[in-house]
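Results of the structural survey
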Amino acid sequence: MSNKVWVVIPAAGVGSRMQSDRPKQYLPLGGKTVLEHTLACFTGHPAVAGIVVVVSTSDPYWPELPVAGVSAHLAMGGKERADSVLNGLDYLRNKLRVAAETNVLVHDAARPCLSRHDLNKLLAAGAEEGAGAILAVPVRDTMKRAGMASPPQISHTENRDGLWHALTPQMARLGVLRKALADALQQGVTVTDEASALEYAGLNPLLVEGDARNIKITRPADLALAEFFLAAQS
Ligand SMILES: Nc1ccn([C@@H]2O[C@H](COP(=O)(O)OP(=O)(O)OP(=O)(O)O)[C@@H](O)[C@H]2O)c(=O)n1
Ligand SMILES: C[C@](O)(CO)[C@H](O)COP(=O)(O)O
């Protein structure tokens, strides 16, 4: 069986926090779209068997991209990110007949600044890890818990020892992740990343320290930051 991994790129969000005229994955960045930069993180990598991009059923932008139909398979998104990811995993298993033991990486379309170094670091650490593995960054700021008042006021300071920011890619065996995600969603568990579902299944994925510049483009100011980080990579 091939040791190559499959990549699922959830790209079906509307990007409401970006307050832009189109979903943030299709905003211009360094001469192409955010999504094209994200795909380029994986295209041509020797350890990558293939890519599934998960887009909204009403996405008019994907067919206009030069990479459409060239670099990736297409699956349809769902209401929440977790639903889109599960649709991508189902596509791998049911349409492409990818073996359940195959490792998959799930990476946000909105994270175009993933470095080849961090991708290789995650692949190496997670290859044989049955519980999965994620890129993450230790928290550096003091963390405050807000009270219920408005405007918000500090309730107390959270102990930041052992606190990490979860990034993506997040890596796990296709069969393990697909079942964990399906079970968690069926039970109404809040799943904001793949590791949440794996934890619900009783697993403790590896934390692989990554680069804080692997930001998720979420708010308007993030685009210029991503442009700066990408320029520094080239
Ligand atoms: N139903 C959804 C929601 C999100 N995503 C994807 O999941 C990634 C991370 O989600 P987020 O940053 O929250 O994107 P949006 O949901 O688009 O942003 P917002 O919450 O501001 O609307 C993005 O690449 C987004 O396209 C998805 O595939 N399907
Ligand atoms: C998956 C993720 O990027 C890890 O930090 C994050 O949970 C996505 O959250 P969002 O609210 O869907 O952007």
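Just so it is clear, the structure is predicted and the values come from calculations on it, not from any experiment.

1. Focus on the overall build of the protein chain
Assigned secondary structure in the protein chain consists of six helices and 11 strands. Computed over its C-alpha atoms, the radius of gyration of the protein chain comes to 18 Å, within 12% of the 17 Å expected for a compact globule of 234 residues. When burial is assessed residue by residue, the protein chain has 45% of its 234 residues classed as buried. Taking all contacts inside the protein chain whose residues are at least 6 apart in sequence as the whole, residues at least 24 apart take part in 69%. Positive and negative side-chain charges of the protein chain, numbering 23 and 23 respectively, have mean locations separated by a distance of 1 Å.

2. A few points about the site of ligand 1
As a matter of local geometry, ligand 1 sits amid 19 residues, with Gly15, Ser16, Arg17, Lys24 and Ser84 nearest to it. A distance of 2.8 Å is found between an oxygen atom of ligand 1 and a side-chain nitrogen or oxygen belonging to Arg17. Listing elements by their share of the shell around ligand 1, those giving two or more residues are β1 (5-11) and α2 (81-95). Within the shell around ligand 1, the residues separate by chemical class into six nonpolar, six polar and seven charged.

3. What about the UniProt feature "site: Transition state stabilizer" (unreviewed entry) in the protein chain?
UniProt records the feature "site: Transition state stabilizer" (unreviewed entry) at Arg17 and Lys24, using the numbering of this structure. Within the fold, Arg17 resides in the loop between β1 and β2 (28-29). Owing to a relative accessible area of 43%, Arg17 belongs among the partly exposed residues under this scheme. Discounting chain neighbours no more than four positions away, the residues touching Arg17 are Lys216, Thr218, Arg219 and Pro220. Its place among the elements puts Lys24 in the loop between β1 and β2. Look at Lys24 and you get buried, because its relative accessible area is 12%.

4. Comments concerning the side chain of Asp222
Structurally, Asp222 is set in helix α6 (residues 221-233). For the buried Asp222, no salt bridge exists, and the shortest N-O distance to an oppositely charged side chain is 6.2 Å, to Arg219. Setting aside anything within four residues of it in sequence, one finds Asp222 in contact with Ile215, Lys216 and Ile217.

5. What to know about the sheet that holds strand β10 (residues 164-173)
In spatial order, the strands read β5-β4-β1-β6-β10-β7-β11; together these seven strands make up an open sheet with mixed pairing. Where the open sheet ends on each side, the last strands, each with one partner, are β5 (73-76) and β11 (206-209). The mean inter-strand angle of the sheet, taken between neighbouring strand axes irrespective of direction, is 30°. Here strand β7 (residues 133-138) runs beside β10; their pairing, made up of five bridges, is antiparallel. Paired with Val137 across the strands is His165, a residue of β10.

6. A short note on the site of ligand 2
Around ligand 2 sit Arg17, Arg81, Asp108, Arg111, Ala166, Thr168, Thr192, Asp193 and Lys216, and that is every residue in its neighbourhood. Contacts to ligand 2 include Ala166, whose backbone N or O atom sits 2.6 Å from an oxygen atom. Contact between ligand 2 and Thr192: an oxygen atom at 2.8 Å from a main-chain N or O atom of the residue. Isolated, ligand 2 exposes 350 Å² of accessible area, and the fraction of that covered by the protein chains is 73%.

7. A closer look at unusual backbone geometry
Leaving glycine aside, a negative phi is the common case for residues, and trans is the common case for peptide bonds. Cis geometry is found at the peptide bond from Ser150 to Pro151, where omega equals 5°. Residues other than glycine seldom take positive phi values, yet Arg97 does so here, at roughly 55°. Counting through the fold element by element, Arg97 comes out in the loop between α2 and β6 (103-106). For Arg97, a relative accessible area of 62% translates into the label exposed.

8. Some words on helix α3 (residues 116-126)
Taken together, the buried positions of α3 are Asp118, Leu119, Leu122, Leu123 and Gly126. Projected down its long axis, α3 shows its buried positions confined to an angular sector of 135°, all on one face. Exposed residues pointing more than 90 degrees away from the buried face of α3 are listed as His117 and Ala124.

9. So, the side chain of Ser84
With respect to the element layout, Ser84 can be found in helix α2. By relative accessible area, which is 3% here, Ser84 ends up buried. Once you skip the residues sitting within four places of it in the chain, Ser84 turns out to touch Ala12, Val54, Gly77 and Gly78.

Rules and cut-offs
Residues numbered from 1 in each chain as written. Chains lettered and ligands numbered in written order. Predicted model: local features only at pLDDT ≥ 70, side-chain atom pairs only at ≥ 80, totals over all residues. Heavy atoms only, no water. Helix = DSSP H or I, 4+ residues; strand = E, 2+ residues; numbered from the N terminus. Rg over C-alpha atoms; globule rule 2.2 N^0.38 Å. Buried < 20%, exposed > 50% of the residue type's maximum accessible area, 1.4 Å probe, protein only. Contact = heavy atoms within 4.5 Å. Lys, Arg positive; Asp, Glu negative; His and termini not counted. Charge placed at Lys NZ, Arg CZ, Asp CG, Glu CD. Near = heavy atom within 4 Å. Polar contact = N/O pair within 3.5 Å; in protein donor to acceptor, adjacent residues only side chain to side chain. Nonpolar A, V, L, I, M, F, W, Y, C, P; charged D, E, K, R; others polar. UniProt positions renumbered as here; feature names shortened; annotations may be inferred. Salt bridge = Lys/Arg side-chain N within 4 Å of Asp/Glu carboxyl O. Pairing = 2+ DSSP bridges. Axes fitted to C-alpha atoms, helices over the stretch in contact; angles between N-to-C directions. Areas by Shrake-Rupley, 256 points an atom, 1.4 Å probe, with all protein chains shown as cover. Arc of directions from axis to C-beta.

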